[in-house]
Amino acid sequence: MHSPFVYHFYTQVLHARITSETAKIETLRKSLQKSTLTLELEDFGAGKGGNGGGKITRSLREIARLSARRPREGNLLYRICRQYQPKTCLELGTNIGISALYQLSGLKNSRFITLEGSAELAEIARKNITDFGFHAEIYTGEFSALLAKINLAELKPDYVFLDGNHRYEATMFYAQTILPHIPEGGILILDDIYWSEEMQKAWKEIILLPEVTVSIDLFFMGICFVRRPQAKQSFIMVNG
């Protein structure tokens, strides 16, 4: 592997030693999987199975079991945040806050902003985050509208995690809107890059955008680094 930067990511982040610092998050997940609460949600994204959103009824236990961040992916987000310590983090897709907890667990003195389409899920996430002793700014609504209200030029997020609307047009809009405001050395992470043909298409086009110089395809997740002086490089890695 010729790039020292990418080699460092491979050895110190992707294949870093697993710690017990996030074990408490999985205890919370197991507790939520036993919940009897049923929620009426507004889904602005691609919907279950990619068939569109709208009003849906979901049980909290189902969300905790199927939709919340899985441990392997959550621990990778934790290690990325722990290693690079971004100053300003922006997440699109709060859900019930599991992914936010993984990321916040790796951060020290960072501002964390997260957007969620469903007010009901945002309230659950807010409680979970507060119960862990963390602080996050949670905004609810359609992501495009929320991004228009956020002053990205002033915010300058150096870490962005896209895990919301999995449609091609929406994903491209988010990336093209946010990337110009990510400062040098920043990170853009896309979840589920092989979830659908639309997401595969979006990933292939996003890594060609001028702001992205280093991209890493982990199959379940794609990571883009904004390192403008560096020549474009794309890697495929295995996270065993």
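Cut-off values and rules
Here the residue numbering is sequential within each chain, running from 1 through the sequence in written order. Restriction of local features to residues with pLDDT of at least 70 applies here, the model being predicted, together with a cutoff of 80 or more for giving and counting side-chain atom pairs; totals for whole chains, interfaces and linings are based on all residues. Water and hydrogen atoms were dropped before computing side-chain values, which therefore reflect all heavy atoms in the structure. The buried label goes to any residue with under 20% of its type's maximum accessible area, the exposed label to any with over 50%, and the partly exposed label to all in between, with areas taken from a 1.4 Å probe on protein chains only. We count a stretch as a helix when DSSP gives it H or I for four or more residues in a row; a strand needs E for two or more, and each element gets its number in order from the N terminus. By the convention used here, strands pair only if DSSP detects at least 2 bridges between them. With its strands directed away from the observer, a crossover is right-handed exactly when the path from the first strand over the helix to the second travels clockwise. In this analysis, axes come from line fits to C-alpha atoms, helices being fitted only over the stretch in contact, and the angle between any two N-to-C directions falls in the range 0 to 180 degrees. Note on terminology: angles under 35 degrees are roughly parallel, angles over 145 are roughly antiparallel, angles of 65 to 115 are roughly perpendicular, and the others are oblique. For any pair of crossing helices, the crossing counts as left-handed if the nearer helix is rotated counterclockwise from the farther one by less than a right angle, and right-handed if it is rotated clockwise. Residue contacts are counted whenever heavy atoms from the two residues lie within 4.5 Å of one another. Gly is put with the polar residues, along with every residue not named as nonpolar or charged; the nonpolar set is Ala, Val, Leu, Ile, Met, Phe, Trp, Tyr, Cys and Pro, and the charged set is Asp, Glu, Lys and Arg. Think of a nonpolar core as a cluster: buried Ala, Val, Leu, Ile, Met, Phe, Trp, Tyr and Cys residues, connected wherever their side-chain atoms sit within 4.5 Å.

S.K.: So what about the pairing of strand S3 (residues 88–92)? Which residues, and what values?
M.R.: The side chains of a regular strand alternate between the sheet's two faces. Of all the 5 residues making up S3, 5 are buried; the element is thus mostly covered by neighbouring parts of the structure. Side chains of S3 alternate between two faces, with Thr88, Leu90 and Leu92 and Cys89 and Glu91 buried alike. By the bridge criterion, 5 bridges tie S3 to strand S4 (residues 111–116) in an arrangement that is parallel. When the sheet's bridge partners are listed, Cys89 is paired in S4 with Phe112. Handedness of the β-α-β unit built from S3, helix H5 (residues 98–106) and S4 comes out right-handed.

S.K.: Which residues make up the packing of helix H9 (residues 168–178) against helix H10 (residues 197–206), and what values go with them?
M.R.: For the pair H9 and H10, interaxial distance at closest approach is 8 Å and the crossing angle is 25 degrees. Classified by the angle between their axes, H9 and H10 sit roughly parallel to one another. The crossing of H9 and H10 is right-handed. Judged by residue contacts, Tyr168, Glu169, Thr171, Met172 and Ala175 of H9 engage Glu198, Met199, Lys201, Ala202, Glu205 and Ile206 from H10. For the contact of H9 with H10, a count of residues per class yields 6 nonpolar, 1 polar and 4 charged.

S.K.: Talk me through the pairing of strand S8 (residues 214–217); I want residue IDs and the actual numbers.
M.R.: Residues Val214 and Ile216 line one face of S8 and the alternating positions Ser215 and Asp217 line the opposite face, and both faces are buried. When S8 meets strand S9 (residues 221–225), the two strands line up antiparallel, connected through 4 bridges. Paired with Val214 across the strands is Phe225, a residue of S9. Once S8 ends, the chain turns through 3 residues before running back antiparallel as S9, passing Phe219 with a positive phi of about 75 degrees. Judged from the 4 bridges that link them, S8 and strand S10 (residues 233–236) form a sheet pairing that is parallel. Bridge pairing in S10 links Asp217 to Ile236.

S.K.: Any details on the environment of Thr140? Residues and values, ideally.
M.R.: For Thr140, the location among the structural elements is in strand S5 (residues 137–140). Judged by its relative accessible area of 38%, Thr140 falls in the partly exposed class. Separated by 87 residues in the primary sequence, Thr140 and Arg227 have C-alpha atoms spaced 31 Å apart. For Thr140, the contacting residues outside a window of four places in its chain are Glu116, Ser118, Ala119, Ala122 and Leu146.

S.K.: Account for the sheet that holds S10, with residues named and values stated.
M.R.: Taken together, 8 strands build an open sheet; the order of strands is S5-S4-S3-S6-S7-S9-S8-S10 and the sheet is mixed. Here the strands that pair on one side only, and so sit at the sheet edges, are S5 and S10. Here the average twist between neighbouring strands, direction ignored, is 15 degrees.

S.K.: Break down the nonpolar core for me, citing the residues and quoting the values.
M.R.: Counting 48 residues, the largest nonpolar core has Phe9, Ile80, Ile96, Tyr159, Ile189, Ile216 and Ile223 as its most contacted members. When sequence neighbours within four positions are dropped, the list of residues in contact with Phe9 reads Leu14, Ile80, Tyr84, Ile216, Ile223, Phe225 and Met237. Counting 31 residues, the second-largest nonpolar core is a separate cluster that includes Ala175, Leu179, Ile207 and Val226.

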